[in-house]
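Observations on chain architecture
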Amino acid sequence: MDASAIEKKWSTRWADARAFEADPDPKREKRYVTAAFPYPNSPQHIGHARTYTTADIYARYLRLKGYNVLFPMGFHVTGTPILAMAKRIAAKDPDVLGVFDKIYGIPPSQAAKLTEPRALVAHFSAEIEQGMREIGYSIDWRRKFYSYDEKFNRFIQWQFRKLKELGYLVKGEYPIAWCPSDKNAVSAHDTRGDVDPDLDNVTVIKFAVSAGESLVVTTYRPETVYGVTNIWLNPKASYVRAKHGKETLILAEEAAKALDLQLGLAITGKIKAEDVLKMGAKNPMTGETVPVWPASFVQPGVGTGIVMSVPAHAPLDYLALRDLGKEGMRMPQVVSLKGYGAAPAKEAVERLGVKSQDDPKAEEATEEIYTKEAHEGIMHAGEFKGEHVSTAREKIAAKMAKGGSAFPIVTISNGPVQCRCGATVVVNILKDQWFIDYGIPGWKDKAKECLSGMKIIPEKTRSEYLYTIDWLKTRPCTRAAGLGTKFPFDETKMIEALSDSTIYMAYYTIAHLLADVDVAKLDDKFFDYVLLGKGKGDARMKTLRDSFLYWYPVDSRHSAGDLIRNHLTLFIFIHAAILEKRLWPRQIATNGFVLMDGAKMSKSMGNILPLRKAIREYGADIIRFSVVSGAELSTDTDFNRTVADGVRSRLALISRLVDESRKKGPAQHGRIEKWLLSRLNRKIGLADQLYEKLAIRDLSLQIFYDVVSDLQWYAKRSKGGANLHDFFTKWVVLMAPFMPHYAEEYWELLGGKGLVSFAPFPAPDESKVDDTIERGEELIRRVHGDIEKISALIKKKPARVTVYAASEWKRKLYSMAKANPSFEALMKAAAAEKMPMKDVQNVAKQIMKNVHSLALPLSQDEELGALKDAEAFLSAEYSCPVEVLPEEKAKHDKAKSSLPDKPAIVLE
RNA sequence: GCAGGGGUAGCAAAGCCCGGUCAAAUGCACGGGACUUAAGAUCCCGCGGCUUAGUGCCUUCGAAGGUUCAAAUCCUUCCCCCUGCACCA
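What counts, and at which threshold
Residues numbered from 1 in each chain as written. Chains lettered and ligands numbered in written order. Predicted model: local features only at pLDDT ≥ 70, side-chain atom pairs only at ≥ 80, totals over all residues. Heavy atoms only, no water. Pairing = 2+ DSSP bridges. Helix = DSSP H or I, 4+ residues; strand = E, 2+ residues; numbered from the N terminus. Axes fitted to C-alpha atoms, helices over the stretch in contact; angles between N-to-C directions. Contact = heavy atoms within 4.5 Å. Buried < 20%, exposed > 50% of the residue type's maximum accessible area, 1.4 Å probe, protein only. Near = heavy atom within 4 Å. Polar contact = N/O pair within 3.5 Å; in protein donor to acceptor, adjacent residues only side chain to side chain. Nonpolar A, V, L, I, M, F, W, Y, C, P; charged D, E, K, R; others polar. Parallel < 35°, antiparallel > 145°, perpendicular 65-115°, else oblique. Left-handed = near helix turned anticlockwise from the far one by under 90°. Patch = residues over 30% accessible without salt bridge, like charges linked within 9 Å, V, L, I, M, F, W, Y side chains within 5 Å. Areas by Shrake-Rupley, 256 points an atom, 1.4 Å probe, with all protein chains shown as cover. Salt bridge = Lys/Arg side-chain N within 4 Å of Asp/Glu carboxyl O. Lys, Arg positive; Asp, Glu negative; His and termini not counted. Charge placed at Lys NZ, Arg CZ, Asp CG, Glu CD. 1 Å grid on protein atoms, 1.4 Å probe; cavity = no way out; pocket = protein on both sides within 12 Å on 5 of 7 lines; lining within 4 Å. Points joined across faces, edges and corners; volume = space filled by probe spheres on them.

All right, on to the sheet that holds strand β2 (residues 68–70) then. Ordered in space as β2-β1-β22-β23-β18, the five strands form an open sheet in which the pairing is parallel. Each edge of the open sheet carries a strand with a single partner, namely β2 and β18 (455–457). The sheet shows a mean angle of 15 degrees between the axes of neighbouring strands, taken without regard to direction. Of the strand pairs in this sheet, strand β1 (residues 30–35) and β2 are connected by three bridges, and their pairing is parallel. The residue bridging K30 from the neighbouring strand is N68, located in β2. Strands in contact with helix α16 (residues 504–511) are β1 and β22 (556–560); relative to β1, the strand with the most contacts, it is inclined by about 120 degrees.

Structure, rendered in structure tokens:
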């Protein structure tokens, strides 16, 4: 049977048997496994499959261990990307349609139907669910929900009322990137070229030109105000006077419009650039009046559209002066910088050979000077002389602000950014922004307590959680638009996407039981009872409460490592805030990404491999195995054809052997079968521990790659003789979490009862673990390889091979060496035993090489037993007679060189 | 800058916590051989250098020092790379 037939057969069986629909069973211990639910704005690719496969492997492992396991799945549709994408499809955006067509395989005709957000959600969620079914995730699909479902909304609103009661919700001002035309918050997916607007705090300094009227400049470096020689503005831009409170500010028209939302400016009239150029502006710190000059580098849309000139420390300012032919003027030094003179900007410009203010190299010079001065600069002028620039900067800004000659604004540092609608994105200050205040000390302590009680996989990421817990402060929890849940205290706003997905795992435990409960009943009393045990509930509510208490807490939460900084830490915070301690999560496991042929998958590279396509091409089990087995959990892993092909060809060998084992008669249990079973039973106990630790890479090496290479050796050694039924009935269960479809198929072929998905995890049979057999087999392998090597070295095929196992007295020397760990001592002891001293010397020399870690060898009889067992095999391998003899029966001088664990080999 | 994670043979990647069995697992790539009419698949051997009937020696695990009988592994200093620094799913 081919892979896809097997996969189809078993996924159908699982579905028909409702195998993974888990219900509370007080008689059985439970385990609750969840993975971050997907955001359905695209099909999932093999990278997504890594997290889910890891979670599924763990869930399947726990089932083998006898637990009642719940692994549910839902869809996160909260937020704006889906809205933005729907809009772009409606606008026939060629980029989006191109990605749909080329990467997702959705032709434009079909894409045209996806202009409604809900249609998009329906399409991609169905696609993702289908993929998850095809790859064999053991999900209880009854519990599926979407984060915009009405009942889920009720649950989330309850959550927020709890947070409010606890005093964790606060209201305040907040700067955001904003489209003045759409009147909406803007993030990367709303902008042309998917630019993420970066907000930055900058200082505006007022240079008075007359009473109550100032030119306003923007700067990142207020400390350089002491070195201003002039003011720059762009002669081609238009300027305005604008009322700001009682004062009048002069700034670029474009800037005034952008800053209006932030500052509340009233434009009172235009003013020509040439008129501003005639003004003199008074430096608020030095009292000096400086001229206003033209410069092309000044962008009217950035900041106030006017800048101050500090030629000693700003390459662009120096260049603009030079362009005007004024490079000879005085350039006051403000900052001293090691390795530079009084005018570092000038030095950098000259060294880099920057031609003019319009030369792209100017940026390089700016980068150099700004970074160095910020980190290493010492104030050279002003009242903070001698202080580090890094600390003086804030003090100077604060001092000017206090004196009324400066104020902070927020700008878009990577601007200008265009909204998709065409408007330039500006900064808006939201006055009534709601936040969750993760900075509350008592709450932080609880979060840390929760973390310290949790198993974190990999353990080395724990510090990242701790760091994030400490670092989180107030975090906005609402947005103006998006799908999801309305904010209960201001229904014009939507709850933000990360804030509505922190305790949704609790919702899965009751989701399917809410089907015939009226939405209106899902009030605070309802959730208080079901989730907190407060108040009274009817019989139905009691069932829900029981279900919740049965499944909670979450035993293992899975996601990619990038969510530690946000989702996973919020998950800890909100659980710690709302639920009792016994219901706090027990474990988090995070994984790295999947690379495609060594490169990061991205839409722009076009190297995204959609999951369903990958399944069609390689098969579900091969994909499952390939995306998790290549690297340790925490590091990125590479997916490429050779990996998948390698898994496939190994699987083919196993399929063949399973098939043979089914047909053949009873097991022979010769030496080689015993060896295989010994190896396997040794691995079982180890595998159990590795599963528990989610050491998936190690597991895959141990129970797949190693086992395959054992089987390869077995196949050679046994010459296709025996029956591996006993071996496979154990191994198939071990492997079932990784490759559930093939495992079921093998299980059935081997006559296993029921589904292997629910078979008991094999118990290691210690009586089958046999060191002597394993070491004997290693010896055979080594002898086999050595014959090959010698034969190649002497460039001759042997006509006859004799193998001599070393005498017993040589072995005795090994144990004697333990007590006499030096050459002299050993020789002495051997002399006392009346050993043949000439030969002893040679052996003792060998022993002394690694006397610190000496393993005792097999006995001569044991070696002979193993080697004689392989006589026929070796003889067939080299098509010549092979004889195994004890050293004592030597017919050849070389036999003397035999050592324990290293028989002498004579080729003739 | 701050925080975290890394630098190992052609590539990827284990080992490092708990020093010796480490010229260093494993996979891929590569070279040689077996099988085959041939190719592919499969199997065996090799894959730092020199050397040898399966061996032995020398030089390696970012760099430089140190501790130790012994260091990829412990300590010190330095260099380099990656990720995050926020409201975005």
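Turning our eyes to something else, we now look at the environment of H512. By secondary structure assignment, the location of H512 is in the loop between α16 and α17 (524–532). A relative accessible area of 18% places H512 in the buried class. In sequence terms H512 and R142 are 370 residues apart; their C-alpha atoms lie 5.9 Å from each other.

Quick look at the protein's contact with RNA strand B now. In the vicinity of RNA strand B lie 45 residues, with Y39, Y174, R475, N566 and Q712 positioned nearest. Counting only atoms of RNA strand B within 4 Å of the protein, the fraction found in sugar and phosphate groups is 51%. Within the contact set of RNA strand B, a phosphate oxygen lies 3.4 Å away from a side-chain nitrogen or oxygen of E632. Sorting the residues of the surface near RNA strand B by element identifies α15 (462–471), β19 (474–476), α19 (564–578), α22 (641–663), α24 (696–718), α27 (771–793) and β28 (904–907) as the ones contributing at least two each. Looking at the surface near RNA strand B element by element, the count peaks at six residues for α27. Classifying every residue of the surface near RNA strand B gives 17 nonpolar, twelve polar and 16 charged.

Turning our attention to the packing of α22 against α24. What describes two packed helices is the angle between their axes and the distance between those same axes. Where α22 meets α24, the axes come as close as 10 Å, and the angle between the chain directions of the two elements is 50 degrees. As summarised for this structure, α22 and α24 are arranged oblique, according to the angle between their axes. α22 and α24 meet at a crossing whose hand is left-handed. Of the residues in α24, those in contact with V647, R650, L651, L653, I654 and L657 of α22 are F704, Y705, V708, L711 and Q712. A breakdown of the residues in the contact of α22 with α24 according to their chemical character gives nine nonpolar, one polar and one charged.

Our focus in this paragraph is the environment of F37. When you line up the elements, F37 lands in the loop between β1 and α2 (46–64). Assessed through its relative accessible area of 8%, F37 is described here as buried. Sequence spacing of F37 and Q159 is 122 residues, and the spatial spacing of their C-alpha atoms is 19 Å. The residues contacting F37, other than those within four sequence positions of it, are Y52, M73, G74, F75, H76, F145, S501, Y504 and Y508.

Here the focus is a negative patch on the surface. Judged by side-chain charge, E808, D861, E862 and E888 come together as a negatively charged surface patch. Assignment of secondary structure puts E808 in helix α28 (residues 808–819). Of the residues examined, E808 reaches a relative accessible area of 39% and is grouped as partly exposed.

Glancing now at the layout of surface pockets. There is about 1,200 Å³ of room inside the second largest pocket. Y220, V302, L316, T366 and Y370 are the residues nearest the centre of the second largest pocket, which is lined by 35 residues in total. Within the residue set of the lining of the second largest pocket, elements represented by two or more residues are β5 (199–210), β6 (213–219), β13 (306–309), α10 (315–323), α12 (361–376) and β16 (406–412). If one sorts the elements of the lining of the second largest pocket by residue count, α12 sits on top with six residues.

Right, let's talk about the sheet that holds β19 for a bit. As summarised here, the arrangement of the four strands in space is β4-β3-β17-β19, forming an open sheet in which the pairing is antiparallel. Both outer strands of the open sheet, β4 (184–185) and β19, are each paired with one neighbouring strand and no more. Strand direction decides the pairing type here: strand β3 (residues 169–179) and strand β17 (residues 426–437), joined by nine bridges, are antiparallel. Within β17, the position partnered with G172 by the bridge is Q433. On the sheet, helix α8 (residues 253–263) packs against β3 and β17 and is oriented at approximately 30 degrees with respect to β17.

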